[in-house]
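Tertiary structure, described
Listed below are the residues making up each chain.
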Amino acid sequence: MSITKKPLKVRPECRVTFSYRPNDGEKHRVEVRGDFNGWGDETLPLKRQRDGSYRATVSLPQGGEYAFRYLIDEQHWDNDDAADEYVPNPYGTGDNGVLRT
């Protein structure tokens with residue numbers, strides 16, 4: 001798992017690429033959900049790559065802080081090791097990753 005951040009020079013935005021690699025090598029439905037997309041109100045599915053990883057890119061305002069997690073097959077939540085920080089989620093089901101742009 002990884003996160004790549006690229007601040008844009010022409011707009012006050014940061015292009016963020018989320019990458020997720022399942023441990024089992026099987027095909028999955030992977031989404032990233034967080035504050036920036038209403039925790040699924042606007043889905044952000046990750047597209048499977050040839051190497052078996054999943055990837056999606058989104059532009060977010062610079063200077064923001066967003067909680068997020070990956071949802072796998074609509075059943076399992078997973079965090080990204082590359083998150084800037086972790087905070088307990090309000091449901092008592094673990095931590096959310098925090099992304100700072």
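Residue numbers restart at each chain and count upward from 1, following the sequence in its written direction. Reporting in this predicted model follows two pLDDT cut-offs: at least 70 for local features of residues, and 80 or more for side-chain atom pairs to be given and counted; totals over whole chains, interfaces and linings ignore these cut-offs and use all residues. In computing side-chain values, all of the structure's heavy atoms are included and hydrogens and water are not.

**Remarks on the overall build of the protein**
Selection criterion: In DSSP terms, a helix is any run of H or I states spanning at least four residues, a strand is any run of E spanning at least two, and both are numbered starting from the N terminus. As defined in this context, the radius of gyration uses C-alpha atoms, and a globule is described by 2.2 Å times the residue total to the power 0.38. Only protein chains enter the calculation, and the probe is 1.4 Å; a residue is then buried if its accessible area is under 20% of its type maximum, exposed if over 50%, and partly exposed in between. Residue contacts follow a heavy-atom distance rule, with two residues in contact if any of their heavy atoms lie within 4.5 Å. Under the convention used here, a 1.4 Å probe and the Shrake-Rupley method define accessible areas, while residue burial counts only the protein chains that appear. The charge count treats Lys and Arg as positive and Asp and Glu as negative. His and the chain ends do not count. Charge placement uses NZ in Lys and CZ in Arg. For Asp and Glu, CG and CD serve respectively.
In terms of regular secondary structure, the protein is built from zero helices and nine strands. Going residue by residue from the N terminus, the α and β elements of the protein occur as β-β-β-β-β-β-β-β-β. Over its C-alpha trace the protein gives a radius of gyration of 13 Å, about what one expects of a compact globule, namely 13 Å for 101 residues. In terms of its C-alpha atoms, the protein occupies a principal-axis envelope of roughly 40 × 35 × 25 Å. Out of the 101 residues belonging to the protein, those deemed buried represent 42%. In the protein, the share of contacts with a sequence separation of at least 24, taken over all contacts with a separation of at least 6, comes to 58%. About 6,200 Å² of surface is accessible on the protein, with carbon and sulfur atoms providing 46% of the total. Computed over 15 positive and 17 negative side-chain charges, the separation of the two mean positions in the protein equals 10 Å.

**Notes on the sheet that holds strand β2 (residues 13–20)**
Our working definition: The pairing criterion is simple: DSSP has to find at least two bridges between the two strands.
Within the open sheet, the four strands sit side by side as β1-β2-β5-β4. Their pairing is antiparallel. In this open sheet, the two strands that pair with only one neighbour each are β1 (2–7) and β4 (47–48).

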